[in-house]
Amino acid sequence: MGEESPRRLTVTIVGMGLMGGSLGMALYENEPKYEIIGVDRNKDTLARAIEKHAAHRTVADISEAAPFTDILVLATPIREMPHLAQEAAPHMRPGSIVTDLGSTKAYLAKEMPARLPGSITYIGGHPMAGSEKSGIEAARKDLLKGATYVLCPPDGIQEDSRELLTLRQMVRVAGAREIFMEPEQHDIYVAIVSHLPYLCSVALAGLALKKSQDFPSLSRLMAGGFRDSTRTASRDPLVGADICLTNPEALENMASEFNSIIEEIMSMVRKQDIEGLRQKLREIKLFRDSLKFPPSSN
């Protein structure tokens, strides 16, 4: 007799929007070993998830999918995730894995363990990919391709553990590259590269909104620079608010340092320090030019 084929793993994705839908499409596209169950409150979203091959089947209630689930992926606004995990936990099999696609990790690392029994493992996750667009219509099967995917295993989980190996395989099938971080370290890093840029984008768009009342023709001058600098201000406000509310300390610290740099530059402007200003701008330009970015998520 030949070797028995590995059992097909069931991945349940709760929240079939941009990120959840994109993960579902990537797994559906690349690996027959997964069955994808999509969960969402919106019936139209569930119908589109089937049409876009983001899920093999869908349900409206997490408790319906939980008994069949091997990997539960939470792809909702961050502060909803602990409640969803708690709702699913009584129905899940021992040995199941709970993970998420949330942009902050320390909040979830604190909240999740209390909502889950010891027989279910929570491993935080964050794919560094996305778009200012939202919803299943914006989902793409290649959104995670080449992206860095942060995993935050809890204490006591070894790199060769069954749970972590299972999750790492899912990440790789989706086309991403996993790295490991402590939740607090992750939140400091993303405050710099993701959360503060979002706030800057919001503030700049907010300034334009305020000034457009005094300068009605302002919008006619808005071109590529303004468009690119304010792109993430179009993010879903529910998601944006949860990002800020669940990473307040790191975000405030980085915002303070950012303001110091603005003040340093403006001080040179006030003093007409031409050489100092040019040198500062040159240093920053050289750093920016040296960066290597993954393919555009737009």
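Description of the structure in this document. (Residues numbered from 1 in each chain as written. Predicted model: local features only at pLDDT ≥ 70, side-chain atom pairs only at ≥ 80, totals over all residues. Heavy atoms only, no water.)

### Some thoughts on the overall build of the protein
Argument step 1. Of the regular secondary structure elements, the protein holds 11 helices and 9 strands.
Argument step 2. Referenced to the eigenvectors of the C-alpha coordinate spread, the extents of the protein come out at roughly 80 × 40 × 35 Å.
Argument step 3. Per-residue burial over the protein gives 43% buried out of 298 residues.
Argument step 4. Pairs at least 24 apart in sequence give 73% of the contacts found in the protein among residues at least 6 apart. (Helix = DSSP H or I, 4+ residues; strand = E, 2+ residues; numbered from the N terminus. Buried < 20%, exposed > 50% of the residue type's maximum accessible area, 1.4 Å probe, protein only. Contact = heavy atoms within 4.5 Å.)

### A closer look at a nonpolar patch on the surface
Argument step 1. On the surface, a cluster of nonpolar side chains totalling about 380 Å² of accessible area is made up of Ile 188, Tyr 189, Ile 192 and Val 193.
Argument step 2. For Tyr 189, a relative accessible area of 41% corresponds to the partly exposed category. (Patch = residues over 30% accessible without salt bridge, like charges linked within 9 Å, V, L, I, M, F, W, Y side chains within 5 Å. Areas by Shrake-Rupley, 256 points an atom, 1.4 Å probe, with all protein chains shown as cover. Salt bridge = Lys/Arg side-chain N within 4 Å of Asp/Glu carboxyl O.)

### Section: the packing of aromatic side chains
Argument step 1. Here the structure, examined in full by the defined rule, presents 0 aromatic pairs.
Argument step 2. The ring of Phe 68 is capped by Arg 57, whose NZ or CZ atom sits 5.3 Å from the centre of that ring. (Phe/Tyr/Trp six-rings, centres within 6.5 Å; stacked < 30°, edge-to-face > 60°. Lys NZ or Arg CZ within 6 Å of the ring centre and 35° of its normal.)

### Considering helix 4 (residues 81-88)
Argument step 1. All of the buried residues in helix 4 are Met 81, Pro 82, Leu 84, Ala 85 and Ala 88. Here the buried residues of helix 4 occupy an arc of 160 degrees about the axis, which is enough to place them on one side.
Argument step 2. Elements that come into contact with the buried residues of helix 4 comprise strand 1 (9-14), helix 3 (62-65), strand 4 (71-74), strand 5 (97-100) and helix 5 (106-111). (Arc of directions from axis to C-beta.)

### Brief notes about the side chain of Thr 76
Argument step 1. Inspection of the secondary structure assignment puts Thr 76 in the loop between strand 4 and helix 4.
Argument step 2. Among the residues examined, Thr 76 registers a relative accessible area of 16% and is labelled buried.
Argument step 3. Sequence-distant contacts of Thr 76, that is, excluding residues within four places in its chain, are made with Val 14, Gly 15, Met 81 and Leu 84.

### Notes on the layout of surface pockets
Argument step 1. Size it by volume and the second largest pocket reaches roughly 300 Å³.
Argument step 2. Lining the second largest pocket are 20 residues, with Ala 109, Pro 113, Tyr 122, Pro 154 and Asp 155 positioned closest to its centre.
Argument step 3. Looking at the lining of the second largest pocket element by element, the count peaks at 3 residues for helix 5.
Argument step 4. For the lining of the second largest pocket, the residue count by class is 12 nonpolar, 3 polar and 5 charged. (1 Å grid on protein atoms, 1.4 Å probe; cavity = no way out; pocket = protein on both sides within 12 Å on 5 of 7 lines; lining within 4 Å. Points joined across faces, edges and corners; volume = space filled by probe spheres on them. Nonpolar A, V, L, I, M, F, W, Y, C, P; charged D, E, K, R; others polar.)

### Quick look at the sheet that holds strand 7 (residues 124-127)
Hydrogen bonds along the backbone pair up the strands of a sheet, which may run parallel or antiparallel.
Argument step 1. The sheet built from 3 strands is open, its strands ordered 7-8-9 with mixed pairing. Edge positions in the open sheet fall to strand 7 and strand 9 (177-180), since each of these has one partner strand only. When strand polarity is set aside, the average angle formed by the axes of neighbouring strands in this sheet is 25 degrees.
Argument step 2. Bridge analysis of strand 7 against strand 8 (residues 148-152) gives 4 bridges, and the strand direction is antiparallel. Each bridged residue has a counterpart across the sheet, and for His 126 the counterpart in strand 8 is Val 150. (Pairing = 2+ DSSP bridges. Axes fitted to C-alpha atoms, helices over the stretch in contact; angles between N-to-C directions.)

### Considerations on the pattern of salt bridges
Argument step 1. If you walk through the whole model with that rule in mind, you get 18 salt bridges.
Argument step 2. With a shortest N-O distance of 2.7 Å, Lys 105 and Asp 100 are connected by a salt bridge. In terms of burial, Lys 105 and Asp 100 fall into one category: buried.
Argument step 3. Its salt-bridge partner being Glu 111, residue Arg 115 comes within 3.1 Å of it at the nearest N-O pair.
Argument step 4. What makes Glu 111 partly exposed here is its relative accessible area of 22%.
Argument step 5. Residues joined by salt bridges that share partners form a network here, namely Arg 48, Glu 51 and Glu 137.

### Thoughts on the environment of Ala 233
Argument step 1. Following the sequence through the fold, Ala 233 ends up in the loop between helix 8 (224-229) and helix 9 (237-245).
Argument step 2. Separated by 34 residues in the primary sequence, Ala 233 and Leu 199 place their C-alpha atoms 7.8 Å from one another.
Argument step 3. Here Ala 233 is in contact with Tyr 198, Ser 201, Val 202 and Ala 205, once residues within four sequence places are set aside.

### Looking at the nonpolar core
Argument step 1. Formed by 36 residues in total, the largest nonpolar core has its most connected members in Val 11, Leu 23, Leu 27 and Met 170.
Argument step 2. Secondary structure elements with two or more residues in this core: strand 1, helix 1 (18-30), strand 2 (34-39), helix 2 (43-51), strand 4, strand 8 and helix 6 (162-173).
Argument step 3. It is helix 1 that provides the largest number of residues to this core, a total of 6 residues.
Argument step 4. Setting aside residues no more than four positions away along its own chain, Met 170 makes contact with Val 11, Leu 23, Leu 27, Tyr 34, Ile 71, Val 73 and Tyr 149. (Core = buried A, V, L, I, M, F, W, Y, C linked by side-chain atoms within 4.5 Å.)

### Looking at helix 2
Argument step 1. By the burial criterion, the buried members of helix 2 are Thr 45, Leu 46 and Ala 49. Along the axis of helix 2, the buried positions cluster into a sector of 100 degrees, meaning they face one direction only. Exposed side of helix 2, more than 90 degrees from the buried face: Lys 43, Asp 44 and Glu 51 are the residues found there.
Argument step 2. Next to the buried residues of helix 2 lie strand 2 and strand 3 (57-59).
Argument step 3. Put simply, Asn 42 is the residue that caps the front of helix 2, since its side-chain oxygen is 2.8 Å from the backbone nitrogen of Asp 44.
Argument step 4. Residue His 53 follows helix 2 closely and has a positive phi angle near 60 degrees. (Polar contact = N/O pair within 3.5 Å; in protein donor to acceptor, adjacent residues only side chain to side chain.)

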